[in-house]
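In case you want the letters, here they are:
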Amino acid sequence: MRVRLVLVALALPLLAGCGSAGTTTRLPTACPTPGLLAEGADLTRHRPGPVQDLTTLEFDAKLTGLSGACAAGRDDRSIEMQLTTGFSVERGAASDGRSVDLPWFVAVLDRRSDQILSRQIFVERAGFARNETRTAITSAPVTLSLPVGENRRAADYRILVSFMLSEEDLALNRRRGPVSAGTANSRRRGLRGGLAKG
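Conventions adopted
Residues numbered from 1 in each chain as written. Predicted model: local features only at pLDDT ≥ 70, side-chain atom pairs only at ≥ 80, totals over all residues. Heavy atoms only, no water. Helix = DSSP H or I, 4+ residues; strand = E, 2+ residues; numbered from the N terminus. Buried < 20%, exposed > 50% of the residue type's maximum accessible area, 1.4 Å probe, protein only. Contact = heavy atoms within 4.5 Å. Areas by Shrake-Rupley, 256 points an atom, 1.4 Å probe, with all protein chains shown as cover. Phe/Tyr/Trp six-rings, centres within 6.5 Å; stacked < 30°, edge-to-face > 60°.

Caption draft 1: View of the overall build of the protein. Secondary structure summary: the protein contains two helices and 11 strands in total. N-terminal to C-terminal, the α/β element order of the protein is β-β-β-β-β-β-β-β-β-β-β-α-α. Relative to its full complement of 198 residues, the protein shows a buried share of 47%. Of all intrachain contacts in the protein linking residues separated by at least 6 positions in sequence, the fraction that spans at least 24 positions is 72%. With an accessible surface of roughly 10300 Å², the protein has 50% of that area assigned to carbon and sulfur atoms.

The following block contains the structure:
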């Protein structure tokens, strides 16, 4: 079962210059190349309480990569981009049930100013078979329509993908550093506003 929620916001806090992370599939030259936010590529949840160890782990999820393709829009006035995201999830000892919901988002930024132009939020549901503790899933394609013209080209856009994190999730990721393969930590300002809920 897949739960999907889409929101678009035009005036969000900046995700200024967040580091890209993870593995991406090379896209055509007319396509903006998407990236994973380093501090948002991991989502770990523990059972509430003072102890956070393997005995209280509910799940540990990672963004594992991106792939996509682009096509010219009507009258060449836009780029129509389709993007899919890969996830790996490990179920912990404190997990209840056989599925977990993973909130994540795709943000479109103006590369010249780092202003967020739009953000779409999704919830991906990962299910586990009986006695299964690990699984990998891929999202359905996300469609982005990017206007282009005399004053805006494909290279002027930046596409970033991240989990939606609570303040506690983000603090945990910052304490332990990037743990996904290929991630690079980002220290530039504006990250909290883009990643954390609320």
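Caption draft 2: Region of the structure containing the packing of aromatic side chains. In total, this model carries three aromatic pairs according to the counting rule given. Seen from their ring centres, Phe-87 and Trp-104 are 5.5 Å apart, and the 70 degrees between their planes marks the pair as edge-to-face. Here Phe-87 is found in strand 6 (residues 78–91), whereas its partner Trp-104 is found in strand 7 (residues 99–110), with 17 residues between them in sequence. Each member of the pair, Phe-87 as well as Trp-104, is classed as buried. The interplanar angle of 50 degrees and the centroid separation of 6.0 Å between the aromatic rings of Phe-87 and Phe-163 together place this pair among those described as tilted. Of the two residues, Phe-87 is situated in strand 6 and Phe-163 in strand 11 (residues 157–163); the sequence distance between them amounts to 76 residues. Side by side, Phe-87 and Phe-163 carry an identical accessibility label, which is buried.

Caption draft 3: Local environment of unusual backbone geometry. In this model, Asp-114 sits at a positive phi of 65 degrees, which is unusual for a non-glycine residue. Along the chain, Asp-114 turns up in the loop between strand 7 and strand 8 (116–127). Of note, the phi angle at Asn-131 is positive, near 70 degrees, even though the residue is not glycine. Assignment of secondary structure puts Asn-131 in the loop between strand 8 and strand 9 (134–138).

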